[in-house]
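As a plain string of letters, each chain reads:
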Amino acid sequence: MPGIIERFRPYLDLPLGVDPITLSEGNTPLISMPRLASDLGAAELHIKFEGSNPTGSFKDRGMTTAITEAVSRGASAVICASTGNTAASAAAYAARAGLRCVVLLPHGGVASGKLAAAYTHGAEVVEVEGSFDQALGLARRLSERAPIGLVNSLNPYRLEGQKTAAFEITEALGGAPDWLALPVGNAGNISAYWMGYRQLADLEGGDLPHFLGVQARGSAPLVEGHVIEHPETVASAIRIGNPARGEQALTAAEESGGRIIAVPDRAILEAQRDLAHEGLWVEPASAAGLAGLRSEVEAGRLNLSGQRVVCVCTGHGLKDPQVPAEPTTLIPPNLQALEDLLKL
Ligand SMILES: *Cc1c(COP(=O)(O)O)cnc(C)c1O
């Protein structure tokens, strides 16, 4: 399968001249969820499952473009700060391109599978005794002084790649959804989706979706209107107190006729469990979109009757396998014991 650069090249503002650095990212499934739709009172609910990208998150869409652009201008090293998924993705695409890759992680704040992925792909992993925002500050300053390319979503080529998810959703549905719900951390992704939908509307006409951006309550700078010094949430991928693309995200939400809201961790974990009970294991941050839709519907602020809704599930659960310890049962290896246990 071609990756997103090959599929959408005419729509991407990307220097040509080198072959794409790709792992066949994109083309992720849009999965219909009739039971969850009916709980929300919506006509349709579809999950855009970005966990099926090669490194398990949507970050791959932006990394194929950012790394390809870095290669095209002769870079030999890249750096990013990351809550985990950007690190895993940068490490994989840099490996593919033969580039040196440095990742800066907030100490103790990264899910085990994401750390393992970055190491396994051969990145130089540096833990910073501080927050993601401090790590991003360091990566940014170093990239201004030294010959090392920044591949965080401050890099415009990241958004060029990430906007392709909007194209895929429109392609699959034959038009834009009425509402699009997604988690918001550093706010690159919501900004990228808005770019994508705007571009399609300019080129081909058609409607734009309303956006519901969702932050975790302990980490909601765009809802509270100020930087959060010590962001706290179980959803580590959106544990960000000073979003680099915050202004752009607020503008996107407003122009779309939607909004950015915050939900408590409890609601995020409930939504994660309910998605898992429908067969989709996503990481906590990825469940924020569904949690946000529910919270707005329950509070009477959103009526989804007759509406077509898409919820972006940004990353796979496998890299963040922390679940509340469920007791398992140990039995001797005989059939009687199994039958007794299952009461069949
Ligand atoms: C990066 C990430 C987010 C947040 O995306 P932003 O572009 O930083 O807003 C949400 N969920 C997952 C799984 C992520 O990896």
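Let us look at the structure shown here. The shown structure was predicted, so the numbers you read here are calculated from the model rather than taken from an experiment. (Residues numbered from 1 in each chain as written. Predicted model: local features only at pLDDT ≥ 70, side-chain atom pairs only at ≥ 80, totals over all residues. Heavy atoms only, no water.)

Glancing now at unusual backbone geometry. Even without glycine at this site, Asn27 takes up a positive phi of about 55°. Residue Asn27 is classed as partly exposed on the basis of its relative accessible area of 43%. (Buried < 20%, exposed > 50% of the residue type's maximum accessible area, 1.4 Å probe, protein only.)

Strand pairs in the sheet, formed through backbone hydrogen bonds, run parallel or antiparallel to each other. The four strands are arranged β5-β4-β3-β6 in an open sheet whose pairing can be described as parallel. At either margin of the open sheet sits one strand with a lone partner, and together these are β5 (124-128) and β6 (149-150). With five bridges connecting them, strand β3 (residues 77-81) and strand β4 (residues 100-106) associate as parallel partners. Bridge assignment links Cys80 to a residue of β4, and that residue is Val103. (Pairing = 2+ DSSP bridges. Helix = DSSP H or I, 4+ residues; strand = E, 2+ residues; numbered from the N terminus.)

Turning next to helix α5 (residues 112-120). For α5, every residue scored as buried is listed here: Gly113, Lys114, Ala117 and Ala118. All buried residues of α5 lie within an arc of 140° about the axis, which places them on one face of the element. Tucked into the core, α5 has its buried residues touching α4 (85-97), β4 and β5. Just downstream of α5, Gly122 is the residue with a positive phi angle, here 90°. (Arc of directions from axis to C-beta. Contact = heavy atoms within 4.5 Å.)

The next subject is helix α9 (residues 188-204). Over its 17 residues, α9 extends 24 Å from the first C-alpha to the last, a length consistent with the 24 Å expected when each residue adds 1.5 Å. Along α9, the positions that sit buried rather than exposed are Gly188, Asn189, Ile190, Ser191, Ala192, Tyr193, Trp194, Gly196, Tyr197, Leu200 and Ala201. Just downstream of α9 lies Gly205, where phi reads positive at about 75°. (Expected span 1.5 Å × (residues − 1).)

Let's shift gears to the packing of aromatic side chains. Applying the stated criterion to the full structure yields five aromatic pairs. Grouped by ring-pair contacts, the aromatic residues Tyr193, Trp194, Tyr197 and Phe211 constitute a single cluster. (Phe/Tyr/Trp six-rings, centres within 6.5 Å; stacked < 30°, edge-to-face > 60°.)

It is worth stressing that arrangement in space is one thing and function is another; only the former is reported here.
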